[in-house]
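Residue-level structure breakdown
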Amino acid sequence: MISQRLVVEKQVAIIYAGVNGLLDDVEVKDLRAFEDGFYPYLESAQPAILTGIATKKALDDDLKGRLTAAVNDYKANFLAARKEKKETAAAR
């Protein structure tokens, strides 16, 4: 396994999600897959959040609100895809 450094703004985003209970409904075994998809999602769909964290070096109420919404949006799609995958596998 090749270790890659995770930029601080992505670290802040995932730590914020974890400590604020936003990932409580994601199974522990699925957390790596969540992260692997969440970072590209932030980069492509929500780049202003990462830029804001990097620029402000703090999470103000606006960034917290946008980050919470981004986590919840991505998580909804992630969990739906996981559920569909499990149902497809069970049907076989």
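Refer to the structure above for everything that follows.
Just so it is clear, the structure is predicted and the values come from calculations on it, not from any experiment.

What counts, and where the lines are drawn
Residues numbered from 1 in each chain as written. Predicted model: local features only at pLDDT ≥ 70, side-chain atom pairs only at ≥ 80, totals over all residues. Heavy atoms only, no water. Salt bridge = Lys/Arg side-chain N within 4 Å of Asp/Glu carboxyl O. Helix = DSSP H or I, 4+ residues; strand = E, 2+ residues; numbered from the N terminus. Buried < 20%, exposed > 50% of the residue type's maximum accessible area, 1.4 Å probe, protein only.

What the rule picks out here adds up to eight salt bridges. Where Lys-10 meets Glu-43, a salt bridge forms, and the shortest distance between an N and an O atom there is 2.4 Å. Of the two residues, Lys-10 sits in helix H1 (residues 8-19) while Glu-43 sits in helix H2 (residues 31-45), which places them 33 residues apart along the sequence. Under the relative-accessibility criterion, Glu-43 is labelled partly exposed at 43%. Salt-bridge contacts for Asp-62 lead to Arg-66; the nearest nitrogen and oxygen are separated by 3.1 Å. Linking Asp-62 with Arg-66, this pair stays in helix H4 (residues 61-91), spanning four residues, or about one helical turn. Owing to a relative accessible area of 44%, Asp-62 belongs among the partly exposed residues under this scheme. Given a relative accessible area of 31%, Arg-66 falls into the partly exposed group. Here the residues in one salt-bridge network are Glu-27, Lys-29, Asp-30, Arg-82 and Lys-86, joined through shared partners.

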